[in-house]
Amino acid sequence: MSSHFDIKELRENQARSIAWAKDVGLTQMMVPSLGGPRHPTMDDVKRAADEYNKIGEQTAKAGIQQGLHNEDFELTRVDGKRTYDLLFDLLDPELTKFQFQVSTISRGYDAAEYFTKHPGRFISMHVQGWSAKTRKITAVGQGTLDWKKIFTAAKTGGIKNYFVEMDLNLMKASVPYLRNLQV
């Protein structure tokens, strides 16, 4: 079981958050973003990674896996490099895993590419279809993404949980495709 926790919440009272997570039976605590500045320096990224490794250390002691989603700060750039890419080198692979937002393809973040490039570093993903033509989220299987490629690569990446994240009408349209998908 998994839930999102704001980085501010973990900074201010991680012990309470961990206690609650254990009480409800969570095995994963995900942070949507590390909350760094819009135009970070390398020092900002290193500071955020150091802090998150410490958070991951405490979570691991409680038997819970810490995971980072790719939203906001993680989509910034530092010295021409993606902050998200830098975090793979700075975060301890045992203490922190990643949760991939598939719709970040809109910003050039290809799920299959990341899963293949960083085997075992992921724990879950948010599944959304995407149309390169309309540049909008679509029902899974109705857009331009190669889902067989994504789900095959997800195995390499270490994905254990898939969360279909979209409005109810798109969700309903996605279910038949996902049920019939053979990987």
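Residues numbered from 1 in each chain as written. Predicted model: local features only at pLDDT ≥ 70, side-chain atom pairs only at ≥ 80, totals over all residues. Heavy atoms only, no water.

1. Observations concerning the overall build of the protein
Then, in step 1: Helix and strand content of the protein: six helices and 10 strands.
Then, in step 2: Taking 16 Å as the expected radius of gyration for a compact globule of 183 residues, we find that the protein reaches 16 Å, a close match to that expectation.
Then, in step 3: Each of the three principal axes of the protein carries a C-alpha extent, and together these read 40 × 40 × 25 Å.
Then, in step 4: Counting the 183 residues in the protein, one finds 48% classified as buried.
Then, in step 5: Taking as baseline every contact in the protein between residues at least 6 positions apart, the subset at least 24 positions apart corresponds to 74%.
Then, in step 6: In the form shown here, the protein has an accessible surface area of approximately 9400 Å², with 50% of it arising from carbon and sulfur atoms.
Then, in step 7: If the 25 positive side-chain charges of the protein are averaged to one point and the 22 negative ones to another, these points end up 6 Å apart. (Helix = DSSP H or I, 4+ residues; strand = E, 2+ residues; numbered from the N terminus. Rg over C-alpha atoms; globule rule 2.2 N^0.38 Å. Buried < 20%, exposed > 50% of the residue type's maximum accessible area, 1.4 Å probe, protein only. Contact = heavy atoms within 4.5 Å. Areas by Shrake-Rupley, 256 points an atom, 1.4 Å probe, with all protein chains shown as cover. Lys, Arg positive; Asp, Glu negative; His and termini not counted. Charge placed at Lys NZ, Arg CZ, Asp CG, Glu CD.)

2. Some thoughts on the sheet that holds strand β1 (residues 2-4)
Then, in step 1: Spatially, β1-β2-β3-β6-β7-β10 is the arrangement adopted by the six strands of the open sheet, whose pairing is parallel. Bordering the open sheet on either side are β1 and β10 (161-164), each of which pairs with just one other strand. Within the sheet, the average angular offset between the axes of one strand and its neighbour, ignoring direction, is 25°.
Then, in step 2: Two elements, strand β3 (residues 65-69) and strand β6 (residues 96-101), share four bridges in a ladder whose sense is parallel. Paired with H69 across the strands is Q99, a residue of β6.
Then, in step 3: The sheet strands contacting helix α2 (residues 42-61) are β2 (28-31), β3 and β6, and the helix crosses β3 at an angle near 145°. (Pairing = 2+ DSSP bridges. Axes fitted to C-alpha atoms, helices over the stretch in contact; angles between N-to-C directions.)

3. Focus on the packing of α2 against helix α3 (residues 83-90)
Then, in step 1: Two elements in contact, α2 and α3, have axes separated by 10 Å at closest approach and are oriented at 50°. Judged by the inter-axis angle, α2 sits oblique to α3. The crossing of α2 and α3 is right-handed. Here α2 contributes M42, V45, K46, A49 and N53 to the contact with α3, which in turn contributes T83, L86, L87 and L90.
Then, in step 2: Looking at the contact of α2 with α3 residue by residue, the class counts come to six nonpolar, two polar and one charged. (Parallel < 35°, antiparallel > 145°, perpendicular 65-115°, else oblique. Left-handed = near helix turned anticlockwise from the far one by under 90°. Nonpolar A, V, L, I, M, F, W, Y, C, P; charged D, E, K, R; others polar.)

4. Let's talk about the packing of helix α1 (residues 7-24) against α2
Then, in step 1: Two elements in contact, α1 and α2, have axes whose closest approach is 11 Å; the angle formed by their N-to-C orientations is 15°. Looking at the two axes, α1 sits roughly parallel to α2. In terms of crossing hand, the pair formed by α1 and α2 is left-handed. Note on element contacts: α2 touches α1 through E51, Y52, I55, Q58 and T59, opposite I7, L10, R11, Q14 and I18.
Then, in step 2: The class makeup of the residues in the contact of α1 with α2 is five nonpolar, three polar and two charged.

5. Structural notes on the packing of aromatic side chains
Then, in step 1: Per the counting criterion, the structure on display carries 17 aromatic pairs.
Then, in step 2: With a centroid separation of 6.0 Å and an interplanar angle of 70°, the aromatic rings of Y84 and Y109 are classed as edge-to-face. A residue pair is termed long-range when its members are at least 10 positions apart, and Y84 in helix α3 and Y109 in the loop between β6 and α4 (111-117) qualify at 25 residues.
Then, in step 3: Judged by relative accessible area, Y84 falls into the buried class, the value being 0%.
Then, in step 4: On the accessibility criterion, Y109 (2% relative accessible area) is buried.
Then, in step 5: Ring centres of F100 and F115 lie 5.6 Å apart, and the angle between their planes is 70°; on these two criteria the pair is classed as edge-to-face. (Phe/Tyr/Trp six-rings, centres within 6.5 Å; stacked < 30°, edge-to-face > 60°.)

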